[in-house]
Every structure is written in structure tokens, then in C-alpha cells.
Amino acid sequence: MTVTLEVADGVGTLLLDRPPMNALDVATQDRLKELAEEATRREDVRAVVIYGGEKVFAAGADIKEMQAMDHTAMVLRARALQDSFTAVARIPKPVVAAVTGYALGGGCELALCADFRIAADNAKLGQPEILLGLIPGAGGTQRLARLIGPSKAKDLIFTGRMVKADEAEKLGLVDRVVPAADVYTEARAWAAKLAQGPAIALRAAKESIDTGLETDIDTGLAVERNWFAGLFATADREIGMRSFVEEGPGKAKFL
């Protein structure tokens with residue numbers, strides 16, 4: 001299998017395993033979608049880590065496979081390509097990307113689907129599709145601009161240049177840079193901490209933020225308002241408020 005889902009202690013790791021560079025061919029894209037949907041359904045998965053192994057996150061699409069495709073073939077495939085990444089972005093649980101080595105093209109786009117990105121100090125990220133006479137096709141033109149702003153996104157996409165981890169952090173493309181040996185450990189610790197949190201409230205927070213970024217503020221406020229009120233029907237809200245009153249903040253043990 002080119003992608004596996006390993007679950008332990010509430011954390012699901014989506015592990016890319018297509019040596020040597022984790023190129024994201026059609027089979028890998030389809031498998032990624034399948035496992036993202038599984039992680040969404042499974043109650044024992046409360047947070048997710050996306051990881052490509054110690055050497056490389058994902059160096060992009062399988063160029064040889066794409067070279068053999070004509071316009072008609074890509075018209076038929078482009079939606080499925082985007083859907084596989086959108087399935088990751090819409091996992092209604094906290095998702096962190098553990099980025100080692102190269103995260104280029106589709107690899108960078110996959111990292112953009114996470115809520116939080118921890119990068120190795122030797123990581124290199126970018127959207128080099130323009131160098132192939134293309135543009136990002138798995139969400140890069142949309143998610144990158146929303147994350148770091150349109151001007152910075154255009155710089156990376158128009159030039160196709162790679163950025164090292166320190167510049168990626170300054171741009172806001174990654175959230176934390178750590179030694180390469182610590183990337184997965186740090187990412188899993190972040191996910192494990194949130195896996196202990198109130199699952200429905202975390203889902204509500206993620207959906208409210210993501211929906212708000214995609215629509216007008218009034219619609220976003222309506223989503224927030226409905227979730228806010230709805231959370232008063234949950235056991236986690238009762239646990240959290242009771243613990244706050246009786247023990248002080250930050251000590252609640254959620255279901």
C-alpha cells in the first residue's frame with residue numbers, strides 16, 4: 001500500500017510510503033482519499049498526523065504518469081485529484097503535517113490541507129508547477145493564498161522557487177521548525193494533546209474557521225452561532241464547565 005493509516009492512543013498517522021520520493025500518483029491519491037474518509041469515520045481517531053517518513057514528505061505528483069495524459073484524460077482526472085486532497089482538508093479533527101525533506105507540488109498542497117505544519121530544519125517546500133508549464137492543480141492556488149496571502153502565494157507560484165524551512169516559517173507556510181529527527185515526535189505530541197480534548201467542540205471550531213474563510217462574515221458568524229449554541233447539548237460542555245467551576249481552568253477530562 002502506498003498510504004497506510006496507523007492508529008494508537010487516539011492519533012491516526014497517515015503514512016505515505018512510495019519510495020524513493022513519495023510521488024503522488026493516481027493510485028496514491030485514491031488511497032489517500034479512502035484513508036482520509038476512514039479517519040473521518042473512525043471514533044478511535046481523534047487527531048491525525050500526515051507523515052512521509054524520515055527522508056521526504058512528498059516530492060510532488062508522478063510526472064512520468066502525468067506526461068502520458070492528454071487534455072481529455074486530465075479533464076476526467078482533475079476533479080478526483082482535488083477531491084483526494086479535499087478529503088484530507090475536511091477531516092473534522094485536528095490534522096498536523098510532519099514535513100521532512102521535500103514537500104513540493106502536490107506534496108506542498110497536501111501539507112496545506114493540514115491545520116498545523118511542523119517542518120524539519122532541512123525541509124524544502126514549494127509549488128514548482130509553473131516550471132512544467134502548469135499551475136498547482138490540487139488546491140495550491142486556493143489554499144496557499146488563503147494561508148500566506150495572495151502576494152506571497154503569487155511569488156511562490158509564479159516563480160516555482162523552493163523555500164527552505166526558515167523562510168517557510170517566516171512566510172507562515174509552516175508553523176514550527178524543529179530538528180529533522182524530532183519532526184514526527186513533535187507532530188504526534190501536538191496531535192496527542194488535542195486527541196484528549198473535547199472532540200465535538202474541536203470539530204465545531206475547525207468547521208467554523210474553515211467555513212468562515214470560504215464565505216462572507218455573516219455566513220461565518222451564523223455557522224459559529226449555531227455550533228456555539230449546539231455545544232450546550234454535549235456532555236463535554238457539561239464536563240468542561242463543571243471542572244472549571246470546581247477545579248479551575250484546564251483540568252477537565254473529556255470523554
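In what follows, the structure referred to is the one given above.
Since we're looking at a predicted model, the values are computed, not measured.

Caption draft 1: Layout of the environment of Lys64. Relative to the helices and strands, Lys64 is located in helix H2 (residues 63-67). For Lys64, a relative accessible area of 72% puts it in the exposed group. Sequence separation between Lys64 and Asp25 is 39 residues; the distance between their C-alpha atoms is 9.3 Å.

Caption draft 2: View of the side chain of Ser208. With respect to the helices and strands, Ser208 occurs in helix H9 (residues 199-214). For Ser208, the residues in contact, after removing those within four places along its chain, are Val223, Glu224 and Trp227.

Caption draft 3: Up close: the pairing of strand E3 (residues 47-51). For E3, the buried fraction is high: five of the five residues fall into the buried class. The two faces of E3 match: Ala47, Val49 and Tyr51 on one face and Val48 and Ile50 on the other face are all buried. Relative to E3, strand E2 (residues 11-16) runs parallel, the two being bridged by five bridges. Each bridged residue has a counterpart across the sheet, and for Leu14 the counterpart in E3 is Ile50. Regarding topology, helix H1 (residues 26-41) serves as the crossover connection from E2 to the parallel E3, and that connection is right-handed. Looking at chain direction, E3 and strand E4 (residues 95-99) are connected through four bridges and run parallel. Residue pairing in the sheet places Ile50 in a bridge with Ala97 of E4.

Caption draft 4: The sheet that holds E3, seen in detail. The six strands are arranged E1-E2-E3-E4-E6-E9 in an open sheet whose pairing can be described as mixed. In the strand order of this sheet, the two ends are held by strand E1 (3-8) and strand E9 (176-178), each with one partner. Neighbouring strand axes in the sheet, compared pairwise and without regard to direction, differ in orientation by 20° on average. One ladder, built from three bridges, connects strand E6 (residues 116-120) with E9; its direction is parallel. In the sheet register, Ile118 faces E9, and the bridge partner there is Arg176.

Caption draft 5: Structural context of the environment of Leu173. Along the chain, Leu173 turns up in the loop between helix H7 (165-171) and E9. Spatially, the C-alpha atoms of Leu173 and Gln82 are 20 Å apart, while their sequence positions differ by 91 residues.

Caption draft 6: Layout of a nonpolar patch on the surface. Nonpolar side chains collect at one region of the surface, where Met21, Tyr102 and Met162 lie side by side and expose about 250 Å² of accessible area between them. Structurally, Met162 can be placed in strand E8 (residues 162-164). Of the residues examined, Met162 reaches a relative accessible area of 41% and is grouped as partly exposed.

Caption draft 7: Region of the structure containing the packing of helix H5 (residues 140-148) against helix H6 (residues 150-159). Packing of H5 against H6 leaves a shortest axis separation of 7 Å and a crossing angle of 135°. Judged by the inter-axis angle, H5 sits oblique to H6. Of the two elements, H5 crosses H6, and the hand of that crossing is right-handed. Packed against H5, whose contacting residues are Gly140, Thr141, Leu144, Ala145 and Ile148, the element H6 presents Pro150, Lys152, Ala153, Leu156 and Ile157 at the interface. For the contact of H5 with H6, a count of residues per class yields seven nonpolar, two polar and one charged.

What counts and what doesn't
- Residues numbered from 1 in each chain as written.
- Predicted model: local features only at pLDDT ≥ 70, side-chain atom pairs only at ≥ 80, totals over all residues.
- Heavy atoms only, no water.
- Helix = DSSP H or I, 4+ residues; strand = E, 2+ residues; numbered from the N terminus.
- Buried < 20%, exposed > 50% of the residue type's maximum accessible area, 1.4 Å probe, protein only.
- Contact = heavy atoms within 4.5 Å.
- Pairing = 2+ DSSP bridges.
- Right-handed = clockwise from strand over helix to strand, strands pointing away.
- Axes fitted to C-alpha atoms, helices over the stretch in contact; angles between N-to-C directions.
- Patch = residues over 30% accessible without salt bridge, like charges linked within 9 Å, V, L, I, M, F, W, Y side chains within 5 Å.
- Areas by Shrake-Rupley, 256 points an atom, 1.4 Å probe, with all protein chains shown as cover.
- Salt bridge = Lys/Arg side-chain N within 4 Å of Asp/Glu carboxyl O.
- Parallel < 35°, antiparallel > 145°, perpendicular 65-115°, else oblique.
- Left-handed = near helix turned anticlockwise from the far one by under 90°.
- Nonpolar A, V, L, I, M, F, W, Y, C, P; charged D, E, K, R; others polar.

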